Each structure stands twice: as structure tokens, then as C-alpha cells.
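Chain and residue survey
Residues per chain are reported as follows:
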Amino acid sequence: MTRRPLVAGNWKMHKTASEATRLIQQLAYSYDDAYAGVDVVVCPPFTALRSAQVTLDFDTNSPLRIGAQDVFWEPSGAYTGAISAAMLRDVACSFCIVGHSERRKYFSETDEDVARKAAALTGEGIAPIICCGETIETRESGGTVAFVTAQIEAALALLSASDAEPVVLAYEPVWAIGTGRTPTPEQADEVCAALRDCFRERYGAAAGEAVRILYGGSMNIGNGDAFAAMPNIDGGLVGGASLEAESFMALVKAFS
Ligand code: 13P
């Protein structure tokens, strides 16, 4: 089976609503029909999601899709500052990142939280992009595969096989995020293959074959092609290089 590649830009805490509008327009302008085989997703901050929706609505031919960077699992209620999956769907989000290492580090997000968030998203028809990744200490001790597969197992705990169909996995070594350092494409592929096995064992051979697995961490114009050539890497979750149209579209091209 051939999996449809997916390249998602995680804008993190960058871009005001008007800056987001400008970047989305630039992305749409630099889009080429040659990229039609790739899902291209932008994940602006919450405050820019509505602008992203309106900008893309205006351009009915736009192939870009919108994702959020986080969600809260409750459907509504007295949870000051929180955003529900239904609210994300209302602003046209079709994807949402969960379990990013920055959320785990700065917001004390646990594996159980990630599982609840993933379940809330699939319940609203939004595809979770579930992140995992090891620290440099874990990598150096040889524990990478055990660590990341445990993170993914925990994140999938509440999802049935049909819930899990839209799920996307993302392998993002913590030590590669924003550092300019990366694993070799072969090392990243080895971990992605293990994640695929984990999905296969849980949901069956066809699901394992179908699940899309992204690499993230200092992906850029210089290394995108090499990651794209790997058999178990189906796309990228791109941070810094997603903040400019030229570098982001170069990565879309690498996977097309
Ligand atoms: P960088 O591409 O800036 O390393 O960030 C990767 C990332 O964290 C995407 O979610």
C-alpha cells in the first residue's frame, strides 16, 4: 500500500492572526499542483485558527488543511483557558497535535492526558497527530525504542481500531527539536518502523501498513529529501522551517 504523505507545520507560539493570514496566503501562492499527492497542514496558535479558516475559505481551491497544537479532553465546562475538540472542529481543524514534548515538559502533560486528548479528538472527527520522542540520555542508553513505543501504547489506550484509523504518529527526538541536530535518516526510520509494529500489533496488519508516521526535529531544506527516502517515514512535523513559505514548501516538495 502507498501511504499519502503528510507535511505539517507546527508554528508553536509564533505568528499573530494577521501574520498567519499572510503566511497562509504565501503558502497558497507557492503551492504547485505537483504537490497534490501530499497532505499539507498548518498548525497555527489558537488565536490564529479562525483567521486561517477564513483565509482558506476565501480561497476555495486551497489544498491547505488546518491543525491545532493542543486540545482539552472535556467537551465543555468550567475549565478556564481550555479549548475543546468541538471548538477546534468549529474552526475547521482536521488535525491536532497531541503529546508534543514541549507540552509534556512545560505543561506537565502525562501519557494519560495524551490518551484522553486523542480520544476527544477522534470523537469529533479530528485526526490526532500523536507525538513521541526520547531524550538524549535515553538515546545514549539504548532505550529509545522501548521508551517511544511505551509512549505510543499509552496514547492509544482509549482508541478502538476504528477510532485509530485517522491517527498520525510523529517521532520527534527531544534532542533534535530546534537544535540543528538530527538522528540519521536510518536511525529515524528504525524508530518509525518500531512504531509501525506497535500499531500493527494493536490494530492488525492493515492498520499497521496504513498508519502515517512523521519525523520531526530540525527538519530543513538540507535534510528533507533524505528523510523522505526512508520507507517508514511518511512525512514531516516541521517547526522552525514551517515559519517561512519557501522552506516549508521545499519540505512539501521533498515528500511529493
Ligand atoms: P524544529 O523543526 O524547529 O526542530 O521543531 C520540530 C518540532 O517540534 C515540530 O513539532
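My aim in this report is to walk through the structure given alongside it, one point at a time.

Reading the values: the criteria
Residues numbered from 1 in each chain as written. Predicted model: local features only at pLDDT ≥ 70, side-chain atom pairs only at ≥ 80, totals over all residues. Heavy atoms only, no water. Helix = DSSP H or I, 4+ residues; strand = E, 2+ residues; numbered from the N terminus. Rg over C-alpha atoms; globule rule 2.2 N^0.38 Å. Buried < 20%, exposed > 50% of the residue type's maximum accessible area, 1.4 Å probe, protein only. Contact = heavy atoms within 4.5 Å. Areas by Shrake-Rupley, 256 points an atom, 1.4 Å probe, with all protein chains shown as cover. Lys, Arg positive; Asp, Glu negative; His and termini not counted. Charge placed at Lys NZ, Arg CZ, Asp CG, Glu CD. Pairing = 2+ DSSP bridges. Axes fitted to C-alpha atoms, helices over the stretch in contact; angles between N-to-C directions. Near = heavy atom within 4 Å. Nonpolar A, V, L, I, M, F, W, Y, C, P; charged D, E, K, R; others polar. Parallel < 35°, antiparallel > 145°, perpendicular 65-115°, else oblique.

Turning our attention to the overall build of the chain. Counting secondary structure elements, the chain contains 12 helices and 8 strands. Over its C-alpha atoms the chain spans a radius of gyration of 17 Å, differing by no more than 12% from the 18 Å that the globule rule assigns to 256 residues. Residues classed as buried in the chain amount to 52% of the 256 residues present. In the chain, the share of contacts with a sequence separation of at least 24, taken over all contacts with a separation of at least 6, comes to 75%. With an accessible surface of roughly 11,300 Å², the chain has 52% of that area assigned to carbon and sulfur atoms. Computing the positive centroid from 20 side-chain charges and the negative centroid from 32, the chain places the two 2 Å apart.

A few words on the sheet that holds strand β6 (residues 168-171). Overall, parallel pairing links the 8 strands, which are arranged β1-β2-β3-β4-β5-β6-β7-β8 in a closed barrel. Taken pair by pair, the neighbouring strands of this sheet meet at an average axis angle of 25 degrees, ignoring direction. Across 2 bridges, strand β7 (residues 212-215) lies against strand β8 (residues 235-238) in parallel orientation. Residue pairing in the sheet places Y215 in a bridge with G236 of β8. The strands touched by helix α12 (residues 245-254) are β1 (6-10), β2 (39-43) and β8; relative to β1, the strand with the most contacts, the crossing angle is about 160 degrees.

Let us look at the site of the ligand. Around the ligand, a shell composed of N10, K12, H100, E172, A176, I177, G178, G217, S218, L237, G239 and G240 is seen. For the ligand, the accessible surface in isolation is 300 Å², of which the surrounding protein chains cover 94%. In the shell around the ligand, the residues fall into 3 nonpolar, 7 polar and 2 charged.

On to the packing of helix α5 (residues 111-123) against helix α7 (residues 144-155), then. It is the contact of α5 with α7, at a shortest axis distance of 7 Å, that shows an interaxial angle of 45 degrees. The angle between the axes of α5 and α7 places the two elements in the oblique class. Of the residues in α7, those in contact with D111, V114, A115 and A118 of α5 are Q151, A154 and A155. Grouping the constituent residues of the contact of α5 with α7 by class yields 5 nonpolar, 1 polar and 1 charged.

What sets the pattern is the α-helix's 3.6 residues per turn: residues three or four places apart point alike. Among the residues making up helix α2 (residues 46-58), those that are buried are A48, L49, S51, A52, Q53, T55 and L56. In this structure, the buried side of α2 is in contact with α1 (17-30), β3 (65-68), α3 (85-90) and β4 (93-98).

Take it as geometry only, folks, not as evidence of what the structure does.
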